[in-house]
There are 2 protein chains.
Amino acid sequence: MKKLINHREHFVSDMLAGLKINDPDIDIIADTVVVRKQRKESGVALISGGGSGHEPAHAGYVAGGMLDAAVCGEVFTSPTPDKVLEAIKHVDNGDGVLMIIKNYSGDVMNFEMAKEMAEAEGHKVDAVIVRDDIAIEDAEMRRGVAGTVLVHKYAGYLSDEGRSLAQVKEKTESMMTTLHSIGMAVHPCMVPTTGDYGFSLEEEEMEIGIGIHGEKGIYREKMETVDKIADRLLEELYKYNDSSELIVMINGMGGTPLSELYVVTKYVMASLENKGRKVTKLLVGDYMTALDMQGFSITILDHDEQIVAALEAPVESTYF
Amino acid sequence: MKKLINHREHFVSDMLAGLKINDPDIDIIADTVVVRKQRKESGVALISGGGSGHEPAHAGYVAGGMLDAAVCGEVFTSPTPDKVLEAIKHVDNGDGVLMIIKNYSGDVMNFEMAKEMAEAEGHKVDAVIVRDDIAIEDAEMRRGVAGTVLVHKYAGYLSDEGRSLAQVKEKTESMMTTLHSIGMAVHPCMVPTTGDYGFSLEEEEMEIGIGIHGEKGIYREKMETVDKIADRLLEELYKYNDSSELIVMINGMGGTPLSELYVVTKYVMASLENKGRKVTKLLVGDYMTALDMQGFSITILDHDEQIVAALEAPVESTYF
């Protein structure tokens, strides 16, 4: 296995140590919980997290304007409830805590368990569950993917506006009704703690409908040029959205070079324009990755002036 | 070849089109010259460029506080003199133009030729040549690599301070006397215009002393853990530097996941500390890449208060 690591067993702690060296505004508590060094004195505290391997998500978004804590599990592995509980206890300033959970059974179970434990200790905690990945047909089973980062930013903005826990929850849930993503990959990621690839692909194949945990896609198809891939993914997204004005995020999967992500951007935007869809806000970059997977995802969301304002509001994270 | 492209022949123009869609503050002139939309009204204008494939370098650094223009060649191919001339003519506001050239024979020849043509038209043009890559022993033959981005930023700061062309040149040349880099790779890049890999590596091998054009390294060695790789690269750098206070850049090669870059960061910093070297300014990220190559480089530079101030000064680029 050729990975830039010291030892597979302390990959996550080494990674977090490096993150902290590079970001003087964060602290790490309970080994794997990333928090702001300056705790927010008022406003709903926001917690997210899940398995590691999606960097900069979620630890890179612990910053003024976004998250208050990220609970980091091992690679592609849910953090345990006690760690989530530590996060809740640390960030709660009395205005309540909102957990933003990606819809994976382990994450949902462990975050919910921590919520119960925290409530027993007198904390006010609520949760929203992100299910933006339309690769899964059953709406309840949909995974949380890149759209989660937009939820972090929107919720951070609402919290900074002084909204109550109930309001932040209600508004992010309303936003999520039009939040849809789909991804594709040309190369799988290699998991640095096992040395295994999540799947293997022939030279002329691509995966459509990938997740962010190295798992293969829903469809395996013949490799196409990027204009056709853009059309293909957008057609899937249009099944869930007929809005003429959209917020769009084009997300690199971690190993995709920036040059290719910009080629993708050109053709995604051209495809949207061909269909008469106007983009009111565009985000391009590596927001929610799957280690060194090569590929990209598209996230779309109905235009909303308040959401655009939220996405454009100042943020102290380097990664948004 | 599985690359996210439309057609290999318009890879660079597609990439630049995507870049422009995502950055409303730039324009593209003469097909492949990226310039600021708002031309700087006074101060030395700064031009860099070279072959494409190093994104975000150099086009991503065309922004307030850094470059005025980036002349983009085909992938790993020097731009032609006429394009450099277009850039000079566009950016020159009367205060002169400084070209920041990475030391590759094609780049040096073509930029110098453009300089002569521009001078014949009355422009005041000068050049600095970056040779930070110590993988090449002969100092005159050394390639310009990641350290070039620090030169962009420093020169941008000096220009914004109102320094003259001669002063910006003299100060950046002085800075470059202590600017040294070395890189390594665990996976080669694939060139999207040819489908070829720059080199091939066995499962347990790594390349030390790579360039940024997909070429192989100076040494091929057995893969090691990252702590040993950090020691190995720093030992090479110490041959050229015995300063106790350093500015350090840890640069990802394009396909390296952020998680591994942070693991690298931890061990590079630990190795520096073990040797009693204090880091006064640290930069971590993908600054100068080689497409989707997996690996990293370390750049070190003597501490200097003015240079640190320059590196920390506001900049309008997303990538610095």
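Residues numbered from 1 in each chain as written. Chains lettered and ligands numbered in written order. Predicted model: local features only at pLDDT ≥ 70, side-chain atom pairs only at ≥ 80, totals over all residues. Heavy atoms only, no water.

Chain A carries the name Dihydroxyacetone kinase DhaK subunit in an unreviewed UniProt entry, which gives Lacicoccus alkaliphilus DSM 16010 as its organism.

Caption draft 1: Main features of the overall build of chain A. When you go through chain A residue by residue, the secondary structure sums to eight helices and 12 strands. With the principal axes as the frame, chain A shows a C-alpha extent of 55 × 45 × 35 Å. With 320 residues in all, chain A has 62% of them scored as buried. In chain A, 73% of the contacts between residues at least 6 apart in sequence involve partners at least 24 apart. When the accessible surface of chain A is split by element, carbon and sulfur atoms take 46% of a total near 11,300 Å². Side-chain charges in chain A split into 31 positive and 53 negative, and the spacing between the mean points of these groups amounts to 1 Å. (Helix = DSSP H or I, 4+ residues; strand = E, 2+ residues; numbered from the N terminus. Buried < 20%, exposed > 50% of the residue type's maximum accessible area, 1.4 Å probe, protein only. Contact = heavy atoms within 4.5 Å. Areas by Shrake-Rupley, 256 points an atom, 1.4 Å probe, with all protein chains shown as cover. Lys, Arg positive; Asp, Glu negative; His and termini not counted. Charge placed at Lys NZ, Arg CZ, Asp CG, Glu CD.)

Caption draft 2: Main features of the relation of the copies chain B and chain A. Here chain B sits on chain A after a turn of 180° about the axis and a move of 0.0 Å along it, with an RMSD of 0.0 Å. Taken together, the rotation angle and the small translation identify this as a two-fold axis. Judged by C-alpha distance, B:Gly255 is the residue of chain B that lies nearest the rotation axis, at 2.1 Å. Most of the interface of chain B is mirrored in chain A, where 100% of its interface residues are also at the interface. (Least-squares fit on C-alpha atoms with pLDDT ≥ 70 in both.)

Caption draft 3: Geometry of the pattern of salt bridges. What the rule picks out here adds up to 44 salt bridges over all chains. For the salt bridge of A:Asp292 with A:Lys3, the shortest nitrogen-to-oxygen distance reads 2.6 Å. Of the two residues, A:Asp292 is situated in the loop between strand 11 (278–285) and strand 12 (294–302) and A:Lys3 in the segment before helix 1 (11–22); the sequence distance between them amounts to 289 residues. Take A:Asp292 and A:Lys3: they sit in the same class, and that class is buried. One salt bridge in this structure joins B:Glu205 and B:Arg220, with 3.5 Å as the shortest N-O distance. Within this pair, whereas B:Glu205 is found in strand 8 (residues 205–208), its partner B:Arg220 is found in strand 9 (residues 219–222), the two being separated by 15 residues in sequence. (Salt bridge = Lys/Arg side-chain N within 4 Å of Asp/Glu carboxyl O.)

Caption draft 4: Highlighting the sheet that holds strand 3 (residues 45–52) of chain B. All names here are of chain B. The strand order across the open sheet built from six strands is 1-2-4-3-5-6, with neighbouring strands paired in mixed fashion. Strand pairing shows two members of the sheet lacking a second neighbour, strand 1 (26–29) and strand 6 (125–130), which therefore form its edges. Pairs of neighbouring strands in the sheet enclose a mean axial angle of 25°, with direction left out of account. Taken together, the three bridges between strand 2 (residues 33–36) and strand 4 (residues 69–75) define a ladder with antiparallel strand orientation. Within strand 4, the position partnered with Val-33 by the bridge is Val-71. (Pairing = 2+ DSSP bridges. Axes fitted to C-alpha atoms, helices over the stretch in contact; angles between N-to-C directions.)

Caption draft 5: Expanded view of helix 4 (residues 147–160) of chain A. Residue and element names in this part refer to chain A. The terminal C-alpha atoms of helix 4, which comprises 14 residues, lie 20 Å apart, in line with the 20 Å expected from a rise of 1.5 Å per residue. For helix 4, a buried count of 12 out of 14 residues is recorded, marking the element as mostly surrounded by other parts of the structure. Looking at helix 4, one finds that the buried residues are Gly-147, Thr-148, Val-149, Leu-150, Val-151, His-152, Lys-153, Tyr-154, Ala-155, Gly-156, Leu-158 and Ser-159. One or two positions beyond helix 4, positive phi appears at Gly-162, with a value near 90°. (Expected span 1.5 Å × (residues − 1).)

Caption draft 6: Structural context of the packing of aromatic side chains. What the rule picks out here adds up to two aromatic pairs over all chains. Sitting over the ring of A:Tyr219, A:Arg232 keeps its end group 5.0 Å from the ring centre. (Phe/Tyr/Trp six-rings, centres within 6.5 Å; stacked < 30°, edge-to-face > 60°. Lys NZ or Arg CZ within 6 Å of the ring centre and 35° of its normal.)

Caption draft 7: Up close: a nonpolar patch on the surface. Together, A:Met109, A:Met113 and A:Met117 make up a nonpolar patch on the protein surface, roughly 260 Å² of accessible area in all. With respect to the element layout, A:Met109 can be found in helix 3 (residues 105–120). (Patch = residues over 30% accessible without salt bridge, like charges linked within 9 Å, V, L, I, M, F, W, Y side chains within 5 Å.)

Caption draft 8: Representation of the interface of chain B and chain A in the model. Counting from both sides, the interface comprises 52 residues of chain B and, opposite them, 52 residues of chain A. Across the chain B/chain A interface, buried area totals approximately 4,500 Å², and carbon plus sulfur atoms make up 60% of it. Counting the surface chain B buries against chain A, the share from its top three residues, B:Lys2, B:Leu4 and B:Tyr262, is 22%. Here chain B and chain A share four salt bridges between them. A salt bridge links A:Lys3 to B:Glu260; its shortest N-O distance comes to 2.8 Å. Inspection of the chain B/chain A interface yields 26 residue pairs in polar contact (both at pLDDT 80 or more). At the level of elements, helix 1 (11–22), strand 7 (180–187), helix 6 (226–238), helix 7 (258–274), strand 11 (278–285) and strand 12 (294–302) of chain B are the ones that each hand at least two residues to the side of chain B that touches chain A. Split into classes, the residues belonging to the side of chain B that touches chain A amount to 27 nonpolar, 13 polar and 12 charged. (Buried area = accessible area lost by both parts, 1.4 Å probe. Polar contact = N/O pair within 3.5 Å; in protein donor to acceptor, adjacent residues only side chain to side chain. Nonpolar A, V, L, I, M, F, W, Y, C, P; charged D, E, K, R; others polar.)

Caption draft 9: Local environment of the pairing of strand 12 of chain A. Residues and elements named next belong to chain A. Among the nine residues that make up strand 12, eight are buried, leaving the element largely enclosed by the rest of the structure. Bridge count between strand 10 (residues 245–252) and strand 12: seven bridges; the pairing is antiparallel. Among the inter-strand pairings, Ile-250 is bridged to a residue of strand 12, identified as Ile-298.

Caption draft 10: Inspection of the side chain of B:Asn6 at higher detail. As for its placement among the helices and strands, B:Asn6 is situated in the segment before helix 1. Engagement of the side chain of B:Asn6 in a polar contact is seen with the side chain of A:Asp227, the distance being 3.1 Å.

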